[in-house]
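A structural walkthrough
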Amino acid sequence: MAEEANQDVKAMSFEQALDALEKIVDDLERGDVPLDQSIRIYERGEALKAHCDRLLKAAEDKVEKIRLARDGKPVGTEHWTGNNS
């Protein structure tokens, strides 16, 4: 049921999802949200976080690192793996 209520999350941009997640965190930190509503918005927050994680992973997969020759000139690109080796 929570998954159905969060279907709109999949259509959000990273920025939209992050803004919505920040609002949820603010609401929960304020502490004046009834328990049943807190549970619903917490579940929505989980869906938003997972969506942001997926979008970030997809962006990381697209990042390419420019390879330089010994003289400092670019010689091509290589897929960024997320580590510094």
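Structure: above.
Throughout this description, residue numbers start from 1 for each chain and increase along the sequence as written. Owing to the predicted nature of the model, reporting of local features is limited to residues with pLDDT of at least 70; listing and counting of side-chain atom pairs is limited to 80 or more, with chain, interface and lining totals taken over all residues. To obtain the side-chain values, all non-hydrogen atoms of the structure were used and water was disregarded.

1. So, the pattern of salt bridges
A pairing counts as a salt bridge when a side-chain nitrogen of Lys or Arg comes within 4 Å of a carboxyl oxygen of Asp or Glu. Applying the stated rule across the entire model yields six salt bridges. Here D27 ties to R30 by a salt bridge, and the two come within 3.1 Å at their closest N and O atoms. Of this pair, D27 and R30 both sit in helix α2 (residues 14–30), three residues apart, roughly one helical turn. Working definition: with a 1.4 Å probe on protein chains only, accessible area under 20% of the residue-type maximum means buried, over 50% means exposed, and in between means partly exposed. Look at R30 and you get exposed, because its relative accessible area is 52%. Each of the salt bridges in this network shares a partner with another, and the network as a whole consists of K23, D27, R30 and D32. Here a helix means four or more residues in a row that DSSP labels H or I, a strand means two or more in a row labelled E, and each is numbered from the N terminus.

2. Re the packing of α2 against helix α3 (residues 35–62)
Each axis is a line fitted through C-alpha atoms, and for a helix only the stretch in contact is used; angles between axes span 0 to 180 degrees, taken between their N-to-C directions. For the pair α2 and α3, interaxial distance at closest approach is 9 Å and the crossing angle is 150°. Regarding the angle of α2 to α3, the classification is roughly antiparallel. With respect to the hand of their crossing, α2 and α3 are arranged in left-handed fashion. Touching F14, A17, L18, A20, L21, I24, D27 and L28 of α2 are S38, I41, Y42, R44, G45, L48, K49, H51, C52, L55 and L56, all from α3. Amino acids are sorted into nonpolar (Ala, Val, Leu, Ile, Met, Phe, Trp, Tyr, Cys and Pro), charged (Asp, Glu, Lys and Arg) and polar (every other residue, Gly among them). Of the residues contributing to the contact of α2 with α3, the split by class is 13 nonpolar, three polar and three charged. For classification purposes, an angle smaller than 35 degrees is called roughly parallel, one larger than 145 roughly antiparallel, one from 65 to 115 roughly perpendicular, and anything else oblique. Two helices cross in a left-handed way if the nearer one is turned anticlockwise from the farther one by less than a right angle. They cross in a right-handed way if the turn is clockwise. It only takes one pair of heavy atoms within 4.5 Å for two residues to be counted as in contact.

Geometric values such as these leave the question of function open.
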